[in-house]
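Here is how the chains run, residue by residue.
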Amino acid sequence: MGSTLFALASSVFLFLVPPSPIDRNLLRGAFRLYKGYAYLIPVKYVDGTLETARLYEDDRLLGPANTAQQEIIDKGAGRFAFYRDTWNYFGPALMFSTSDNTDPNTNGRKYHLR
């Protein structure tokens, strides 16, 4: 009887909690280490053109944007650039580094394109 009441109360609570909005600008999936401090991820949801997109780490703007690939690899520190892979298999991809050159898969931060 107790477990039935708990299940009923839990269901009512979940029904009353409003759904969280989906952030379509949030980068989802695994970030693949490329070289040095550079990580890659395919980009699917970008408003406008890639050249004008901004990358945020939580609420902090990263950059400079459109940095040369070797500079992202060697220096990191939030640099990023968009490109199309050689075979155009994934479409646009983002090469970026985190603000402190940590692994974006494990540092607990969220990355957004706006």
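Everything quoted here is computed from the prediction, not taken from an experiment.

Draft legend 1. How the structure looks around the overall build of the protein chain. Across its full length, the protein chain carries two helices and seven strands. If you list the helices and strands of the protein chain from N to C, you get α-β-β-β-β-α-β-β-β. Scored against the burial criterion, the 114 residues of the protein chain give a buried share of 33%. Of the contacts made within the protein chain by residues no fewer than 6 positions apart, 55% connect residues no fewer than 24 positions apart. Here the protein chain has roughly 7,800 Å² of accessible surface; of this, 59% comes from carbon and sulfur atoms.

Draft legend 2. View of the sheet that holds strand β2 (residues 38-42). The strand order across the open sheet formed by four strands is β1-β2-β6-β5, and the pairing between neighbours is antiparallel. A strand with exactly one partner marks an edge of an open sheet, and here the two such strands are β1 (32-35) and β5 (80-84). Adjacent strand axes in the sheet meet at a mean angle of 30°, parallel and antiparallel pairs treated alike. Of the strand pairs in this sheet, β5 and strand β6 (residues 92-96) are connected by five bridges, and their pairing is antiparallel. Each residue of the ladder has a partner; that of arginine 84, found in β6, is proline 92.

Draft legend 3. Seen up close, the environment of arginine 60. Examined against the element boundaries, arginine 60 turns out to sit in strand β4 (residues 60-61). Along the primary structure arginine 60 and serine 99 are separated by 39 residues, whereas in three dimensions their C-alpha atoms are 9.0 Å apart. Beyond its immediate sequence surroundings of up to four residues, arginine 60 is in contact with Leu55 and Ser99. Within polar-contact distance, the side chain of arginine 60 engages the side chain of serine 99 at 3.4 Å.

Draft legend 4. Up close: the pairing of β6. The element β6 is extensively covered by neighbouring structure, given that five of its five residues are classed as buried. Burial along β6 is two-sided: Pro92, Leu94 and Phe96 and Ala93 and Met95, pointing in opposite directions, are all buried. With four bridges joining them, β2 and β6 adopt antiparallel strand pairing. The partner of leucine 40 across the bridge, within β6, is methionine 95.

Reading the values: rules and limits
- Residues numbered from 1 in each chain as written.
- Predicted model: local features only at pLDDT ≥ 70, side-chain atom pairs only at ≥ 80, totals over all residues.
- Heavy atoms only, no water.
- Helix = DSSP H or I, 4+ residues; strand = E, 2+ residues; numbered from the N terminus.
- Buried < 20%, exposed > 50% of the residue type's maximum accessible area, 1.4 Å probe, protein only.
- Contact = heavy atoms within 4.5 Å.
- Areas by Shrake-Rupley, 256 points an atom, 1.4 Å probe, with all protein chains shown as cover.
- Pairing = 2+ DSSP bridges.
- Axes fitted to C-alpha atoms, helices over the stretch in contact; angles between N-to-C directions.
- Polar contact = N/O pair within 3.5 Å; in protein donor to acceptor, adjacent residues only side chain to side chain.

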